[in-house]
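Overview (structure and organization)
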Amino acid sequence: MRELFDEFAGHSPLDPEEAVRRATRTPRRKRFYKEAGTAAADGGFAVTLDGKPIRTPSGRQVVAPASAIAEAIAAEWNAQGETIDPLTMPLTRFANSVAEITDRVDAVADDVAKYLGTDLLFYRAGHPEALVAREAAHWDPVLSWAANELGAHFILSEGIVHAAQPPQAIKAARGVFPADPWSVAALHVVTTLTGSALLALALLHGVRDPDQVWAAAYVDEDWNAEKWGVDEEVAARRAARLVDFRAAVRILKELNPGAPSSR
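Residues numbered from 1 in each chain as written. Predicted model: local features only at pLDDT ≥ 70, side-chain atom pairs only at ≥ 80, totals over all residues. Heavy atoms only, no water.

**A look at the overall build of the protein**
Across its full length, the protein holds 11 helices and eight strands. When contacts within the protein are restricted to residue pairs at least 6 apart in sequence, long-range pairs at least 24 apart make up 65% of them. As displayed, the protein offers around 12700 Å² of accessible surface, 51% of which is attributable to carbon and sulfur atoms. (Helix = DSSP H or I, 4+ residues; strand = E, 2+ residues; numbered from the N terminus. Contact = heavy atoms within 4.5 Å. Areas by Shrake-Rupley, 256 points an atom, 1.4 Å probe, with all protein chains shown as cover.)

In structure tokens:
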């Protein structure tokens, strides 16, 4: 079963967009098992196929930290038809990725922290006024929370002119990152999909719900779509991202009760 997800192994196992690109190049394999289930394992719960635990392409056993997560992964396997489609298995892909980064969680967290230097929320439109107001409505509450609750005061910029962020602000926001591998990985996925570590943190800490975070990440794109129409290719990519976003949200909800669920 390992080779089924070989295409998802690589230098950036937590990059959902790269996973999707690779999946489109991978021939589907016929279903080779009758039933998926779960079983207690060291450190959590294993997902089994006909009683045998699933493993990553490198041979590491996948162990979920909560029974609900293991059951959700097993449900993905049980939902497969005659052939297995990895694109319909975001939690399985996520679990494989987490198993591969358990020995470098700090590096993954540091990668998320890099976004705090160039976060989406810092770079604002100068015009038209309606777009300026829309960005402010979606983004300012998150920045206010970061400033008031975390002590992280960031600098805004108009357009794409880089604004160097205060090291103390980045440190303050970095200080509220989760520590467990699954939550860090989920934070990374949300950050890369939205372009904002602050939106990911707002989701993690229950400051914004998933719908609000997703809308905030696509303020400019939605504005352009309203003015010029929807680009079908762009819409398809966004729909694929949403699948992985919801999977990451589910992980955060299970492991961090303060994180609201995604519909």
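There is more to say, and it comes next.
**Regarding the pattern of salt bridges**
One pass over the full model with this rule turns up 11 salt bridges. Here Asp244 and Arg93 are joined by a salt bridge, their closest N and O atoms 3.0 Å apart. Here Asp244, found in helix α11 (residues 232–255), pairs with Arg93, found in helix α3 (residues 90–101); they are 151 residues apart in sequence, far enough to count as distant. Exposure remark for Asp244: the relative accessible area of 7% places this residue in the buried category. A relative accessible area of 6% places Arg93 in the buried class. Linked through salt bridges whose partners overlap, the residues forming this network are Arg60, Glu100 and Asp103. (Salt bridge = Lys/Arg side-chain N within 4 Å of Asp/Glu carboxyl O. Buried < 20%, exposed > 50% of the residue type's maximum accessible area, 1.4 Å probe, protein only.)

**What to know about the pairing of strand β2 (residues 36–41)**
In this sheet, strand β3 (residues 44–49) lies alongside β2 in antiparallel orientation, the contact comprising six bridges. What sits directly across from Ala41, in β3, is Gly44. Between β2 and the antiparallel strand that follows it, β3, lie two residues; Gly43 among them carries a positive phi value of about 85°. (Pairing = 2+ DSSP bridges.)

**Some words on the confidence of the model for the protein**
Looking at the protein, the pLDDT average stands at 89 and 87% of residues meet or exceed 70. In the predicted structure, residues 1–12 sits below a pLDDT of 50 and forms 36 contacts with residues beyond four places in sequence or in another chain. (pLDDT = per-residue confidence, 0-100.)

**Thoughts on the environment of Asp211**
The topology assignment puts Asp211 in helix α9 (residues 210–217). For the pair formed by Asp211 and Arg246, sequence separation is 35 residues and the distance between their alpha carbons is 9.9 Å.

**Brief notes about the packing of aromatic side chains**
Per the stated rule, a full pass over the model turns up six aromatic pairs. With a centroid separation of 4.8 Å and 50° between ring planes, the pair formed by Trp214 and Tyr218 is classed as tilted. The buried category is assigned to Tyr218, whose relative accessible area is 5%. Ring centres of Trp214 and Phe245 lie 4.8 Å apart, and the angle between their planes is 40°; this geometry places the pair in the tilted category. Of this pair, Trp214 sits in helix α9 while Phe245 sits in helix α11, and the two are 31 residues apart along the sequence. The same class applies to Trp214 and to Phe245, which are both buried. Of the aromatic side chains, those joined through ring pairs into one cluster are Phe32, Tyr33 and Trp77. (Phe/Tyr/Trp six-rings, centres within 6.5 Å; stacked < 30°, edge-to-face > 60°.)

**As for α9**
One turn of the α-helix equals 3.6 residues, which is why residues spaced by three or four share an orientation. Of the positions making up α9, those classed as buried are Pro210, Val213, Trp214, Ala216 and Ala217. Looking straight down α9, one finds that the buried residues subtend no more than 160° of arc, so they occupy a single side. At its buried positions, α9 is contacted by α5 (129–150), α7 (181–194), α8 (197–204), α10 (219–228) and α11. (Arc of directions from axis to C-beta.)

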